[in-house]
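Coordinate inspection notes
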Amino acid sequence: MNPYNYIKEATDPDKTFLSLCSGVGLEFQFLQTPHITAVDLSPEYIEVLKTNYPKVEAVQMDALEYLKSCDDNSFDVISIIDGIEHMPKEAGLELIQEMKRVCKEKILSFTPQGPGEDGFLKNEPHNAWGVEGADHYQIHLSGWTAEELQEFGLEPILHANDVSQHGEPYTALMYGWTKDV
């Protein structure tokens, strides 16, 4: 399952793109637009991102705080791929509302729905993307279910069963939101 295909389909050369919790920018190789802003809290990930994608506007900042600093309808497409589960639930709910405010056109979200009643997928430190020193940013602080995402206005795009790098089975949830024009 590759969430980046959906991001590629949502972008074109004239659209602006905001990647929240961007990590090292894995999705950027699939984009059809050069107008990219990447936001991540980790200085280690931002440094790698700047090296690999020097034309991307890279911002080291909390995703929710960044959105709060943006004007309404600032970006055509916003993505948060494997990011919302790294923040407390309350912050994630506020993030969804802020994404809707800042988005002109489409939001794409990808998160694991883990086993158990709370949908929490364990994520232990593992030097994600080969980057040392940023493991504390990889801890999952919330779990998200398909029902919750729909309750907050996101629509299902894809559910896929997979196994985490730690051997846990999980369901990957790809959800989107399109602004009413």
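We now turn to the structure provided with this report. Quick caveat, the model's predicted, so the values are computed rather than measured.

This part takes up the packing of aromatic side chains. Taken as a whole and judged by the stated rule, the model has two aromatic pairs. Both rings, one in Tyr4 and one in Phe30, keep their centres 5.3 Å apart while their planes meet at 15°; by these two values the pair is stacked. A residue pair is termed long-range when its members are at least 10 positions apart, and Tyr4 in helix α1 (residues 4-10) and Phe30 in the loop between β1 (16-20) and β2 (35-40) qualify at 26 residues. Under the relative-accessibility criterion, Tyr4 is labelled buried at 16%. On the basis of an interplanar angle of 85° and a centroid distance of 5.4 Å, the ring pair of Phe28 and Tyr53 is categorised as edge-to-face.

This paragraph deals with the sheet that holds strand β5 (residues 103-113). Sheet architecture is open: seven strands sit in the order β3-β2-β1-β4-β5-β7-β6, paired in mixed fashion. Where the open sheet ends on each side, the last strands, each with one partner, are β3 (57-60) and β6 (155-163). Averaged over neighbouring strand pairs, the angle between their axes works out to 15° when direction is ignored. Bridge count between β1 and β2: five bridges; the pairing is parallel. Residue pairing for β2: Leu20 is matched across the bridge by Val39. Seen against the sheet, helix α2 (residues 43-52) touches β2 and β3 and runs at an angle of roughly 170° to β3. Contacts from helix α4 (residues 89-102) reach β1, β4 (75-81), β5 and β7 (169-178), with the element oriented near 155° to β5.

Before going further, it helps to examine the pairing of β5. Across six bridges, β4 lies against β5 in parallel orientation. Bridging from a neighbouring strand, Ile80 pairs with Ser109 of β5. In this region the chain leaves β4, passes through α4 and returns to the parallel neighbour β5; the handedness of that crossover is right-handed. As defined by bridge partners, β5 adjoins β7 across eight bridges and the pair is classed as antiparallel. Following the sheet pairing, Ile107 is matched in β7 by Trp177.

What follows concerns the nonpolar core. Counting 27 residues, the largest nonpolar core has Leu18, Leu20, Ile78, Leu95 and Met99 as its most contacted members. Elements with a minimum of two residues in this core: β1, α3 (63-68), β4, α4, β5, α5 (146-151) and β7. The residues touching Leu18, leaving out its near neighbours within four places in the chain, are Thr37, Val39, Tyr66, Leu67, Phe75, Val77, Ile78 and Ser79. Membership of the second largest hydrophobic core comes to 19 residues, among which are Tyr4, Ala10, Ala38 and Val77.

With that settled, consider α4. Over its 14 residues, α4 extends 20 Å from the first C-alpha to the last, a length consistent with the 20 Å expected when each residue adds 1.5 Å. Taken residue by residue, α4 has Gly92, Leu95, Ile96, Glu98, Met99, Lys100 and Val102 as its buried positions. At its buried positions, α4 is contacted by β1, α3, β4, β5 and β7.

Cut-offs used in this document
- Numbering of residues starts from 1 in every chain and runs along the sequence as written.
- pLDDT decides what is reported in this predicted model: residues at 70 or higher carry local features, side-chain atom pairs at 80 or more are listed and counted, and totals for whole chains, interfaces and linings draw on all residues regardless.
- Each side-chain value is worked out from all heavy atoms of the structure, with water and hydrogens disregarded.
- Any two rings among Phe, Tyr and Trp, with Trp reduced to its six-membered ring, count as a pair given centres within 6.5 Å; such a pair is stacked if its planes are under 30 degrees apart, edge-to-face if over 60, and tilted if neither.
- In this text, helices come from DSSP runs of H or I with a minimum length of four residues, and strands from runs of E with a minimum of two, each type numbered from the N-terminal end.
- In this scheme, a residue with accessible area under 20% of its type's maximum is buried, one over 50% is exposed, and one in between is partly exposed, where area comes from a 1.4 Å probe on protein chains only.
- DSSP-based pairing: two strands are paired if at least 2 bridges between them are found.
- All axes are obtained by fitting lines to C-alpha atoms, using only the stretch in contact for helices, and the reported angles, taken between N-to-C directions, cover 0 to 180 degrees.
- By the convention used here, residues are in contact when the closest approach between their heavy atoms is within 4.5 Å.
- With its strands directed away from the observer, a crossover is right-handed exactly when the path from the first strand over the helix to the second travels clockwise.
- Grouping buried Ala, Val, Leu, Ile, Met, Phe, Trp, Tyr and Cys residues that are joined through side-chain atoms within 4.5 Å yields what is termed a nonpolar core.
- Each helix should span, by expectation, one fewer than its residue count multiplied by 1.5 Å.

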